[in-house]
Amino acid sequence: MATVTRTRSGGRFNLPLIPTIVAGVLVVAVIATIFAGPRLFGGADPLAGREAVPVSIADVIDEVAANGRIEPRTSAALTFAGPGGRVSDVLVAPGDTVLQGDALIQLELRRLQAAVAIAEADLARAQADLAQLREGASEEEIAVAQAQIDAARGALVQVEGSVTAVDLRAGEARVAQAQALLTRLEAGARAVDQQAADAQLAQAEAALIGQRDALSAAKTTAELGLQRATTDLTSAQAAYAEAKSNWDYVQETGNDPITPTRLEGTRRVPNAATPGQREQYQATFIRAEAALRDAEVAVQQKVVALDTARQAEASGVREAEARVGVAQANAAGVAAGADADAIAAARAQLAGAQADLERLRGVARSGALDAQRANLAAAEARLAQLTADPASSALARADAAVARAAGQLELARADLDDAVLRAPFAGVVGSVDIAPGEVIGQQSPITLLDLSTYVVKLNVGEIDVARVVLGQPVIIALDALGGAPLDGRVVRITPLSAEVGNVTSYEVTVEVDPAAQPVKPGMTASATIVIGRADGAVTVPAAAIRQADGATVVDVVTTGADGRRSVEERPVTVGINTGVVAEVRTGLRDGETVLLP
């Protein structure tokens, strides 16, 4: 501070000039001592070299600025939930507004509808099987089983009746007759003997014709049965080979063997089999395998029947021919007289009759009887099974078959439902990249945008992000619009950092209300995150705040009663501190003055 002393001229002094000058110097010295004494004697001005700033009332806003692009809150690249297929109709175009659940793309439904129909039929059959098992066999099934028993019993009776006690007695009589003939020939022939020999020959020839016709017809029937069984086996083998090939292909590759590839864009890619298709190929393989086993058993049975018929024909014809030969020899011997040949023929006839009797009593007949008794026992067991209560295991298998068929039906219906691509939320169609007739798989043909609310994703540095919390207000300015700023709020802060331009930052998502302005996705946005705000606050420059002995203080300029100014170190409570301006909540008043360092 400079002090200027002004003197008055024209004074009336009678002192000599030198004393006057000395007196003036003394006066000046006294005045200088009064005004400059503190500086000369160690009392320096405490404000010297420091800038004094008045305390003021102002609005304080702590904010973080960042830039980004405005985007829809929700943007979805839609895909079909099912395996896809050939596109039938595209129902929307870019820019169309759709509601949640609206159809966007329709696939061809023929195969899917057929799959549903097959699954419904399988379920109906499984339910019918379960109901039949619980209700028991019908009267018709029981009647069929009873008829099978009757047929088996009749066959047994027929086999048993083919060699009855009468047959045995007849065989024994033929032996006795041959013995008697031999005895008579050895004793000499008679007229009555000739008549008897001729009658026996005629009877043997008629028996040969009847036996040959009957056995030939039985063999032909058996051959026809074998041919039909062989044809059925060939068909079953072909079906089994195809079903096994398809099922092996599905297991090895996971693809549909009927349509192993599909067109995706301009290239062909593997066509993965759906769970429903896998179940269908497996079920077809199991049914084909069971049908093959049944056909093989049927062929084996027909082969046994044909062998039996052939053996019966060969042995029956030989026996009948042998009886004719014996009768012829007998008649010739009687006519020629009892020569050595006739006697030899009679002996041969006796031997043949004895052999026939042994065959009637032999092992072949016993085996045929055992086979027919086994058939009768199997038919009786089948009837017992039909009339008995179902076993718990059979009911469990039937229940499982119904559940499996119901699951297959649900899968088929789900595939049918998934053939229509629907909007998961209301919005605007952003893009459509598909046309009718094209085949689609898992690619995304449509982009759907929710333009009711937008978001801006900001990269905030690691120093500032610590002050950002959810819910803080954000002011958004769109350069392209240039109108009033939009209001937003912080809705998400990523916990992981990223390097952006060699700076560690965190992504902060701000939800923005478009406020009826013509906002477009991708517009550049300048965002200001409001960290804190104090309106009408007591403020000082942030540089005036310092720490002393663990306390926050400022240097306040005070003026004493004598007009002398001094500096007071005063503790304060600081609120918002932007680094430029600080809010002082306690310790200062408006109008006071603080010193900067």
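Residues numbered from 1 in each chain as written. Predicted model: local features only at pLDDT ≥ 70, side-chain atom pairs only at ≥ 80, totals over all residues. Heavy atoms only, no water.

Digging into the overall build of the protein
Formally: By definition, any uninterrupted DSSP run of H or I lasting at least four residues is a helix, any uninterrupted run of E lasting at least two residues is a strand, and each is numbered from the N terminus. Throughout, exposure labels follow a simple rule: accessible area from a 1.4 Å probe, protein chains only, divided by the maximum for the residue type, with under 20% read as buried, over 50% as exposed, and the rest as partly exposed. Contact definition: two residues touch when any of their heavy atoms are within 4.5 Å. Only the protein chains shown count as cover for residues, with accessible areas throughout obtained via the Shrake-Rupley method and a probe of 1.4 Å.
When its secondary structure is counted, the protein shows 10 helices and 22 strands. Looking at the protein as a whole, 31% of its 597 residues qualify as buried. The contacts of the protein with a sequence gap of at least 6 include a subset with a gap of at least 24, amounting to 76%. Surface accessibility of the protein: about 35,100 Å² in total, with carbon and sulfur atoms responsible for 55%.

Topic: the side chain of T274
One can find T274 in the loop between β7 (267–270) and α6 (275–336). You can call T274 buried: its relative accessible area is 9%. The residues touching T274, leaving out its near neighbours within four places in the chain, are P83 and D415.

Here's the deal with the pattern of salt bridges
We apply this condition: Whenever a carboxyl oxygen of Asp or Glu lies within 4 Å of a side-chain nitrogen of Lys or Arg, that contact is scored as a salt bridge.
Overall, the coordinates contain 26 salt bridges when judged by the stated rule. Of the charged contacts in the structure, one is a salt bridge between E380 and R153, with a shortest N-O distance of 3.5 Å. Here the residue E380 occupies a position in helix α8 (residues 363–387), and R153 occupies one in helix α3 (residues 139–162), the gap between them amounting to 227 residues. Measuring nitrogen to oxygen at the nearest pair gives 3.3 Å for the salt bridge that ties E592 to R589. Given the relative accessible area of 12%, E592 is considered buried. Residue classification places R589 among the exposed positions, given a relative accessible area of 55%. Bridged by salt links that share partners, the residues R50, R546, D555 and E569 form one connected network.

Quick look at the sheet that holds strand β3 (residues 85–90)
For the record, the criterion: Pairing between two strands is assigned when DSSP locates at least 2 bridges connecting them.
Judged by pairing direction, the sheet is antiparallel, and its 4 strands sit side by side in the order β8-β5-β3-β10 without closing on themselves. The open sheet has two free edges, formed respectively by β8 (420–422) and β10 (439–440), since each of these has just one partner strand. In this sheet, β8 lies alongside strand β5 (residues 103–107) in antiparallel orientation, the contact comprising 3 bridges. Within β8, the residue paired with Q106 across the bridge is V420.

So, the packing of aromatic side chains
Basically, it comes down to this: When the centres of two rings from Phe, Tyr and Trp lie within 6.5 Å, Trp using its six-membered ring, the rings pair. Their planes under 30 degrees apart give stacked, over 60 give edge-to-face, and anything left gives tilted.
Counted according to the given criterion, the structure contains 1 aromatic pair. Ring geometry for Y240 and F285: centres 5.7 Å apart, planes at 35°, overall tilted. Residue Y240 is found in helix α5 (residues 191–253), and its partner F285 is found in helix α6; the two are separated by 45 residues along the sequence. Summarising the burial analysis for this pair, Y240 and F285 share the class buried.

What about empty space enclosed by the protein?
For the record, the criterion: Put simply, the grid is 1 Å and covers the protein atoms alone, a cavity is a trapped set of points that fit a 1.4 Å probe, a pocket is an open set with protein on both sides within 12 Å along at least five of seven lines, and lining residues have an atom within 4 Å of a point. Grid points are joined across faces, edges and corners, and a volume is the space filled by probe spheres set on the points. Ten residues, namely Ala, Val, Leu, Ile, Met, Phe, Trp, Tyr, Cys and Pro, are considered nonpolar, four, namely Asp, Glu, Lys and Arg, are considered charged, and the remaining ones, Gly among them, are considered polar.
Applying the stated criterion across every chain, the model contains 1 cavity of 30 Å³ or more. In this model, the largest cavity occupies a volume close to 40 Å³. Around the largest cavity, the lining residues are G82, P83, G84, L107, L112, D415, D418 and A419. The residue inventory of the lining of the largest cavity, partitioned by class, reads 4 nonpolar, 2 polar and 2 charged.

Considerations on the environment of A396
Looking at where A396 falls in the secondary structure, it is placed in helix α9 (residues 392–417). As for A396 and L130, which are separated by 266 residues in sequence, their C-alpha atoms are 9.4 Å apart.

A closer look at the environment of A291
Within the secondary structure, A291 sits in helix α6. Judged by relative accessible area, A291 falls into the partly exposed class, the value being 36%. It is 9.0 Å that separates the C-alpha atoms of A291 and A239, two residues lying 52 residues apart in sequence.

A word on the confidence of the model for the protein
Basically, it comes down to this: What pLDDT expresses is the predictor's confidence in each residue, scored from 0 to 100.
Chain-level pLDDT for the protein is 82 on average; 87% of the residues reach the 70-or-more range. Segment residues 1–42 is flagged for pLDDT under 50; beyond a separation of four residues in sequence, or across chains, it makes 7 contacts in the model.

Observations regarding the nonpolar core
Our working rule: In this text, buried Ala, Val, Leu, Ile, Met, Phe, Trp, Tyr and Cys residues form a nonpolar core when linked through side-chain atoms within 4.5 Å.
Formed by 23 residues in total, the largest nonpolar core has its most connected members in I476 and I529. For this core, the secondary structure elements donating two or more residues are β2 (56–78), β11 (446–461), β12 (473–478), β13 (486–493), β15 (503–512) and β16 (524–541). In this structure I529 touches D62, E63, V64, L458, V460, V468, Q472, P473, V474, V490 and V508, once residues within four positions along its chain are discounted.

Observations regarding α9
Here is the rule: Each helix should span, by expectation, one fewer than its residue count multiplied by 1.5 Å.
Helix length check: α9 (26 residues) gives 37 Å between terminal C-alpha atoms against 38 Å at 1.5 Å per residue, within 8%. All buried positions along α9 are accounted for by A394, A398, V402, A405, Q408, L409, A412 and D415.

A look at the pairing of β7
Summarising the sheet, strand β6 (residues 261–264) and β7 pair through 4 bridges and their orientation is antiparallel. By the bridge assignment, E264 is partnered in β7 with R267. Here β6 folds back onto β7 in antiparallel fashion, the turn holding 2 residues, of which G265 has a positive phi close to 70°.

A short note on helix α2 (residues 110–135)
Spanning 26 residues, α2 covers 37 Å between terminal C-alpha atoms, matching the ideal 38 Å at 1.5 Å per step. Those residues of α2 lying buried are V116, A119, L123, A126 and L130. Next to the buried residues of α2 lie α9. Residue G136 follows α2 closely and has a positive phi angle near 90°.

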